[in-house]
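Listed below are the residues making up each chain.
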Amino acid sequence: MKVDLLTLHCIKNYGSVLQTYATEQLLGDYFDEVETINFIRSDTADETLMDEWTRNDHGVKKMIKRVALTPMCNRYKTVFNSFLQKYVHTTEQKYYCDEDFKKYPITADAYCIGSDQVWNSSWNQGFLPAMFLAFAPDNAMKFAFCSSFGKTKLSEEEKKQASPLLDRLEYISVRESTALPVLESMGIKNGIHLLDPTLLLPSAFWDRIAAKRLVDHDYILVYQLNDGEKFDNYAKEFARRKGLPLVHIGMRMKYKKKEGKVFIMPEVEEFLSLIKYASYVITDSFHGTAFSINYNREIIDIYPEEFSTRLHSILDWAGLLSRHLTDYSNFQIADEPVDYKPINDKLEIERNKAREYLKVVAEQTAANKRR
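The present account deals with the structure reproduced in this document. Small disclaimer: the values here were computed from a predicted structure and weren't measured.

**Things to note about the overall build of the protein**
Step number 1: Of the regular secondary structure elements, the protein holds twelve helices and twelve strands.
Step number 2: Computed over its C-alpha atoms, the radius of gyration of the protein comes to 21 Å, within 12% of the 21 Å expected for a compact globule of 371 residues.
Step number 3: C-alpha atoms of the protein, sized along the principal axes, occupy 65 × 55 × 40 Å.
Step number 4: Looking at the protein residue by residue over its 371 residues, the buried ones come to 55%.
Step number 5: At a minimum sequence separation of 6, the contacts of the protein that also span at least 24 residues come to 74%.

Here it is as C-alpha cells:
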C-alpha cells in the first residue's frame, strides 16, 4: 500500500523538516511506500526566499541588504535542502498551487495531511484547499495526522471553507488539544488529540542521526526565533546566576553579536545534538520545546506574541506550565529539576495511542483496496 503525505516540509526551519522525517518514519511502519508530496508555497521556494526576506525594503537599501544576506540565504537552502534530500522521500514533480494537482494527478491508496501548522491560514498566507486534501479522490482514504490550526478560533468564512473539506477526511488527529473545540465548532466530532510526530519517536531514535557532542562542557542553550531585548537580558542574567556559559543557535548572522558561543545555522543533526547535551534550554520555539522534553532537558519557555497556543498545549500536557516564564525577574524558575519519569511514562502511552491510530487507518485502507 502507498500513502502520500502532504505537509510543510519545505519551510526552512528545523521543526518543519524534522516533523516531516518523523511522520514519514511513523507512516512507514504501516504502509509499504511513503511519499511526501513536493508541495512548495511560492513564498518558501528557493528562488523566492531572498524576495521574502527583503519584501519590505526598497531601492538602494534593498540592493545592499540582498548582497549582505546572500551568504545566509544560501546557508538556509543548504542546511534544510540537504537534510530533506538525505532523509525524506519527496515526489519528483513539484506542486505550487491547487491547479498543479489537476495537471499532475497523484495516485495512492491513502492520502495524509499533517503534521505541523498545515491548517494555519495566517502562516500559509491564505486558505489553501490542498492542505485539506481537496485534490484527493472522493473514494480514497484521506486522514489527518497531528495537524495544527495554530490558533484557537477560526473566522466564520474560514469555517465555511474548511468544514466541507474536513468532512471528507475519514480520520482526524490534531496536534493541539485546543484544536478539538475548533473542529467541534464545525460539527466535526471524530477528532482525537495526538502529540507532535517528533515526540512520538523516542530520543533513542533521534540519537541515530544526532551529531556528536559539539560543546565539551556544561552550557545553557538559547534557541530564540523572535528578537527581544528582555529575552536576551534574561538569558544573560540566568546564565550568570547559574555560572554556566550561553550557547546560541543563531538563525541570522546578527546573532554573532550575542553573548556566548554562537552556532550560526547549524546542520539539522547538530541542532539535535545541541539540545541533547544542554544543561538548560531557554526557547520560544515549539520544536525547541518538544525536543527538550524528549531529551529530558531543564527547559524555560518564553511564549512568542503569535501562535503561542502550541507551546502552551505541550507544556500543559507535560505538566510543565510552571516552566512558562511570565516574569523576567524570576530566576528561580528552574531551581527544582523536572521529574521526567511521569512525563516519559505519558509519552509511551501517547506513542502507543498514535500507533493504534495509524494501525486502524492502515487496516481500513487495506480493506478499501480489497473491495
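That was the structure; now back to the text.
**A look at empty space enclosed by the protein**
Step number 1: Evaluation of the coordinates by the stated rule reveals three cavities of 30 Å³ or more.
Step number 2: Estimates place the volume of the largest cavity at around 50 Å³.
Step number 3: Together, Arg175, Glu176, His193, Leu195, Asp196, Leu199, Phe286, Arg310, Ser313, Ile314 and Trp317 line the largest cavity.
Step number 4: With four residues, the top contributor of residues to the lining of the largest cavity is helix α11 (residues 309-318).
Step number 5: Across the lining of the largest cavity, the residue classes tally to five nonpolar, two polar and four charged.
Step number 6: Put simply, the second largest cavity is a space of about 40 Å³.
Step number 7: Residue lining of the second largest cavity: Phe149, Gly150, Lys151, Glu176, Thr178, Ala179, Thr309 and Arg310, and that is the complete set.
Step number 8: Of the residues assigned to the lining of the second largest cavity, the class counts are two nonpolar, three polar and three charged.

**A look at the sheet that holds strand β12 (residues 298-301)**
Step number 1: Spatially, five strands are ordered β10-β9-β8-β11-β12 in an open sheet, and the strand pairing comes out parallel. Both edges of this open sheet fall to β10 (261-264) and β12, since each of them pairs with a single strand only. With direction set aside, neighbouring strand axes in the sheet form an average angle of 20 degrees.
Step number 2: The sheet contact formed by strand β8 (residues 220-223) and strand β9 (residues 246-250) spans four bridges and is parallel.

**Notes on the nonpolar core**
Step number 1: Tyr14, Leu18, Phe31, Phe143, Phe145 and Trp206 are the most contacted members of the largest nonpolar core, which totals 81 residues.
Step number 2: With near-sequence residues (within four places) excluded, Trp206 lies in contact with Leu18, Tyr21, Ala22, Thr198, Leu201, Leu272, Phe291, Asn294 and Tyr295.
Step number 3: Within the second largest apolar cluster, 35 residues are counted, among which are Tyr95, Ala130, Leu133 and Phe149.

**Focus on the pattern of salt bridges**
Side chains that carry opposite charge are capable of pairing whenever their charged atoms lie near each other.
Step number 1: Under the definition given, this model contains 28 salt bridges.
Step number 2: For Arg175, the salt bridge identified is with Asp196, shortest N-O distance 3.2 Å. With Arg175 in the loop between β6 (171-174) and α6 (179-184) and Asp196 in the loop between β7 (191-193) and α7 (203-207), the pair connects residues that are 21 residues apart, well separated along the chain.
Step number 3: In this structure Arg175 comes out as buried when scored by relative accessible area, which is 3%.
Step number 4: Lys254 is the partner of Asp227 in a salt bridge, and the nearest nitrogen-oxygen pair spans 2.6 Å. Of this pair, Asp227 sits in the loop between β8 and α8 (229-242) while Lys254 sits in the loop between β9 and β10; the two residues are 27 residues apart in sequence, bridging distant segments of the chain.
Step number 5: Residue Lys254 is classed as partly exposed on the basis of its relative accessible area, which comes to 46%.
Step number 6: Where salt bridges share partners, they join Asp116, Arg175, Glu176 and Asp196 into one cluster.

Reading guide: rules and limits
Residues numbered from 1 in each chain as written. Predicted model: local features only at pLDDT ≥ 70, side-chain atom pairs only at ≥ 80, totals over all residues. Heavy atoms only, no water. Helix = DSSP H or I, 4+ residues; strand = E, 2+ residues; numbered from the N terminus. Rg over C-alpha atoms; globule rule 2.2 N^0.38 Å. Buried < 20%, exposed > 50% of the residue type's maximum accessible area, 1.4 Å probe, protein only. Contact = heavy atoms within 4.5 Å. 1 Å grid on protein atoms, 1.4 Å probe; cavity = no way out; pocket = protein on both sides within 12 Å on 5 of 7 lines; lining within 4 Å. Points joined across faces, edges and corners; volume = space filled by probe spheres on them. Nonpolar A, V, L, I, M, F, W, Y, C, P; charged D, E, K, R; others polar. Pairing = 2+ DSSP bridges. Axes fitted to C-alpha atoms, helices over the stretch in contact; angles between N-to-C directions. Core = buried A, V, L, I, M, F, W, Y, C linked by side-chain atoms within 4.5 Å. Salt bridge = Lys/Arg side-chain N within 4 Å of Asp/Glu carboxyl O.

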